[in-house]
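Read off the chains here:
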Amino acid sequence: MRITLFSSHQVTIVKLILAPMEGLTDPIMRDVLTHVGSFDWCVTEFIRVTDSVLPDHVYHSYCPELNNQGKTAAGTPVHVQFLGNNPEMLAANAVRAAELGAPAIDMNFGCPAKTVNRHRGGSVLLDEPEVVHELVKAVRDAVPKHIPVSAKMRLGYMDRNFTLENAHAIEDAGAAWVTVHARTKADGYTPPAFWDQLQPIREALKINVIANGEIWTNADAKQCQLESGCQDLMIGRGAVTTPDLTQCIQLNMVGRYKQWIGMMSKHYPEAKALWDEIKRLKKIDEVLEKLNPAHF
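Residues numbered from 1 in each chain as written. Predicted model: local features only at pLDDT ≥ 70, side-chain atom pairs only at ≥ 80, totals over all residues. Heavy atoms only, no water.

Under the annotation held in an unreviewed UniProt entry, the protein carries the name tRNA-dihydrouridine synthase and is attributed to Oppiella nova. Regarding the protein, the UniProt comment filed under Sequence similarities (unreviewed entry) reads as follows: "Belongs to the dus family." In its Cofactor (unreviewed entry) section, UniProt records this for the protein: "FMN". (UniProt positions renumbered as here; feature names shortened; annotations may be inferred.)

In structure tokens form, the structure reads like this:
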């Protein structure tokens, strides 16, 4: 979300997304974390697609939020994620998910599990950028245009030889954005995450690049943004271990915006008036309301 403050100034608001984690961010966990935290959206555990269109009860099992306009009880949109290597069946299942109310479709090219990779799913496909492109394009072409299609990838499978090729493949196939876990499959989940390796991706693509990996604290969030150049963050295990992590990040944002307005108030009468209104506010939503152009 981009909010115009004055005619020549803009503030970019960070998007915070709850990551899909197999066996962890199930519907119950999503319900809890989106009530406690403040996420722009979350993503289901991956739904594996092979050679058929899945029955509706499978979608409702993975994403019961489809019965609530595709949102958790807290109102957070839930994007449906698919994993597989059959373009026709991925497309057909994505269409059905959209018909059932999925607000967006995500595609998994990041899962490092051996059983998944042995069946040519998840991160192993990052050795085949042309296949990545084919799969994303098949889904994008099939799903209604108003439904965003995105993808999640790692830096690579066993190495980083095709990092940019995969990112371009996803963009060229029509994805609205790409989320990049800043490690290869070979790196697993062992620290560190190589946030700096996202910078070339962000610079090379026109679509938004969302950073993911090893964001456990507010300090990690700031450092990830600094090294990657990415504004938006997907948070996984850090959100589980610290359910109010998003509030900590947003509280830091409040301080930064207030500091900026305070400094501008020395030179702009409009900023001085705004500073008087926001200096005692503590919630990001309240500050953003005051920064909204409609407020002026």
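Visitor: In this structure, what is going on with helix α3 (residues 87-99)? I would like to understand it.
Guide: Residue pairs three or four apart in sequence face the same way in an α-helix, which turns once every 3.6 residues. With 13 residues, α3 should reach 18 Å at 1.5 Å per residue; the first-to-last C-alpha distance of 18 Å fits that figure. Of all the residues in α3, the buried ones are Pro87, Met89, Leu90, Ala91, Asn93, Ala94, Ala97 and Ala98. Here the buried face of α3 lies against α2 (56-62), β6 (78-83), β7 (105-109) and α5 (129-142). Sitting at the amino-terminal end of α3 is Asn86, which places a side-chain oxygen 3.1 Å from the backbone nitrogen of Glu88. Downstream of α3 by a residue or two, Gly101 has a phi angle that is positive, lying close to 115°. (Helix = DSSP H or I, 4+ residues; strand = E, 2+ residues; numbered from the N terminus. Expected span 1.5 Å × (residues − 1). Buried < 20%, exposed > 50% of the residue type's maximum accessible area, 1.4 Å probe, protein only. Contact = heavy atoms within 4.5 Å. Polar contact = N/O pair within 3.5 Å; in protein donor to acceptor, adjacent residues only side chain to side chain.)

Visitor: I'm lost on the packing of aromatic side chains in this one. Help?
Guide: What describes a pair of aromatic rings is the distance from one ring centre to the other and the angle between the planes of the rings. On inspection of all chains with the given rule, the structure shows two aromatic pairs. Summarising the aromatic geometry, the rings of Trp41 and Trp177 are spaced 5.0 Å apart at their centres and angled 45° between planes, so their arrangement reads as tilted. Taken as a pair, Trp41 in strand β4 (residues 41-43) and Trp177 in strand β9 (residues 177-184) lie far apart in primary sequence, 136 residues in all. Residue classification places Trp41 among the buried residues on the basis of a relative accessible area of 11%. (Phe/Tyr/Trp six-rings, centres within 6.5 Å; stacked < 30°, edge-to-face > 60°.)

Visitor: Would you mind showing me how to read the nonpolar core here?
Guide: What tends to happen in soluble globular proteins is that the nonpolar side chains get buried as a cluster. One finds Phe82, Ile105, Met107 and Phe109 to be the most contacted residues of the largest nonpolar core, which totals 66 residues. Once you skip the residues sitting within four places of it in the chain, Phe82 turns out to touch Ile47, Val49, Tyr59, Leu90, Asn93, Ala94, Ala97, Ile105, Asp106, Met107 and Asn108. With seven residues, the next largest nonpolar core counts Ile17, Trp41, Val43 and Trp177 among its residues. (Core = buried A, V, L, I, M, F, W, Y, C linked by side-chain atoms within 4.5 Å.)

Visitor: What is the right way to read the pattern of salt bridges from this model?
Guide: Pairing between side chains of opposite charge can happen when their charged atoms approach one another. Taken as a whole and assessed by the stated rule, the structure comprises eight salt bridges. Salt-bridge contacts for Glu65 lead to Arg30; the nearest nitrogen and oxygen are separated by 2.9 Å. With Glu65 in the loop between α2 and β6 and Arg30 in helix α1 (residues 27-36), this residue pair connects regions lying 35 residues apart in the sequence. Looking at Glu65, the relative accessible area reads 7%, which means it is buried. You can call Arg30 buried: its relative accessible area is 0%. Put simply, Arg237 and Glu214 hold a salt bridge, and the shortest N to O gap is 3.2 Å. With Arg237 in helix α9 (residues 237-241) and Glu214 in the loop between β10 (208-212) and α8 (218-228), this pair connects stretches of sequence that are 23 residues apart. According to the relative accessible area criterion, Arg237 is partly exposed, its value standing at 31%. (Salt bridge = Lys/Arg side-chain N within 4 Å of Asp/Glu carboxyl O.)

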